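Spelled out, the chains give:
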Amino acid sequence: MHLIHSVAELRTALNGQRETAFVPTMGNLHSGHISLIELARGKGRPVVASIFVNPLQFGAGEDFSRYPRTLDADCARLRAAGCDIVFAPDAREMYPEPQTYSMQPPLADQLCGAYRPGHFQGVATVVLKLFNLVQPRYAAFGKKDYQQLFILKGLVRQFNLPIEMLEGETGRAEDGLALSSRNGYLSPEERAEAPRLYRVLRAAAQRIESGETDFTTIEQAAAEELTRNGWRVDYVSARGQATLLPPQANETDLVVLAAAHLGRTRLIDNIECRLG
Ligand code: PAF
């Protein structure tokens, strides 16, 4: 496995190869990331992973400086998982000029974007740059970051990028908590409480699957249960899978998404469901 830090070395290592499968990450890898590497490997092409904690997608007061940076452990996991190339640039390599172009994706101010202004602009910008650098045939992203995946699929479609997006199911701990690098911030008490987010979403999804269409009531019940148990809720929202907008009449393929803070940690999760 090659560990590469510069754009020039990456170009040399790829040597014009445009049939790779790419897994962009911010590092601190867990088994959810490794399942994306496996998804990528399933395409039978060389696998490239990137590790870059992208400053553009963090707002003021967010966790950019304390985000865990664990390059050695990440490389050991990637090597064991069969990754071929790891691209781990620093911020100067990715953003050499003081003023940076920025993408303005649709839906960037909805859901998480309403609470993290600039976040999806930063995600779309860095992913477009990474796509331009790696020029992969496939790219794998997890469904835990549902809105991110939705926005990036739009990026690929609207800019006619010749990339097939691979969607990884959300990895979960045995108690249902979605795997996330941010779970490491949780105290033991918070970790015990954290799976409530998934339980609350499941209960909301079950109500929808049994035919309830008063989404506001369902969302409020979920948010209230979280608040009663010490969470600070950003949103719980039922949306259409096809648009990520509030469900239209006759729309049946839905997703319930939530973001809420437990202490200093912001957790997100979602469940797809079908209106019964
Ligand atoms: O999901 C992530 O880890 C990041 O948002 C991504 C896609 C690697 C862009 O920095």
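Keep in mind the model is a prediction, meaning the values are calculated, not measured.

The next point concerns helix α3 (residues 71-81). Every buried residue of α3 is listed here: Asp-74, Cys-75, Leu-78 and Ala-81. For α3, the angular spread of the buried residues around the axis is 125 degrees, confining them to a single face. Of the residues in α3, the exposed ones pointing more than 90 degrees away from the buried face are Asp-72 and Ala-80. Against β1 (2-4), α2 (31-41), β3 (47-51) and β4 (85-87) lie the buried residues of α3. Gly-82 occupies a position one or two residues after α3 and carries a positive phi of about 90 degrees.

This next bit is on the site of the ligand. Surveying the vicinity of the ligand reveals the residues Pro-24, Thr-25, Met-26, Gln-57, Val-126, Val-127, Phe-141 and Gln-148. Within the side chain of Gln-57, one N or O atom sits 2.6 Å away from an oxygen atom of the ligand. Measuring from an oxygen atom of the ligand, one finds a side-chain N or O atom of Gln-148 at 2.7 Å. When isolated, the ligand has an accessible area of 290 Å², and the protein chains bury 89% of it. Elements represented by at least two residues in the shell around the ligand include exactly β2 (21-25) and α6 (119-134). Tallied by class, residues from the shell around the ligand come to five nonpolar, three polar and no charged.

Strand order in the open sheet made by the six strands is β1-β4-β3-β2-β5-β6, with parallel pairing throughout. Sheet topology places β1 and β6 (164-168) at the edges, where each strand pairs with a single neighbour. Sheet twist, expressed as the mean angle between neighbouring strand axes with direction ignored, is 25 degrees. As judged from the three bridges shared by β1 and β4, these two strands associate in the parallel manner. Its bridge partner being in β4, Ile-4 is matched across the sheet by Phe-87.

What counts, and at which threshold
Residues numbered from 1 in each chain as written. Predicted model: local features only at pLDDT ≥ 70, side-chain atom pairs only at ≥ 80, totals over all residues. Heavy atoms only, no water. Buried < 20%, exposed > 50% of the residue type's maximum accessible area, 1.4 Å probe, protein only. Helix = DSSP H or I, 4+ residues; strand = E, 2+ residues; numbered from the N terminus. Arc of directions from axis to C-beta. Contact = heavy atoms within 4.5 Å. Near = heavy atom within 4 Å. Polar contact = N/O pair within 3.5 Å; in protein donor to acceptor, adjacent residues only side chain to side chain. Areas by Shrake-Rupley, 256 points an atom, 1.4 Å probe, with all protein chains shown as cover. Nonpolar A, V, L, I, M, F, W, Y, C, P; charged D, E, K, R; others polar. Pairing = 2+ DSSP bridges. Axes fitted to C-alpha atoms, helices over the stretch in contact; angles between N-to-C directions.

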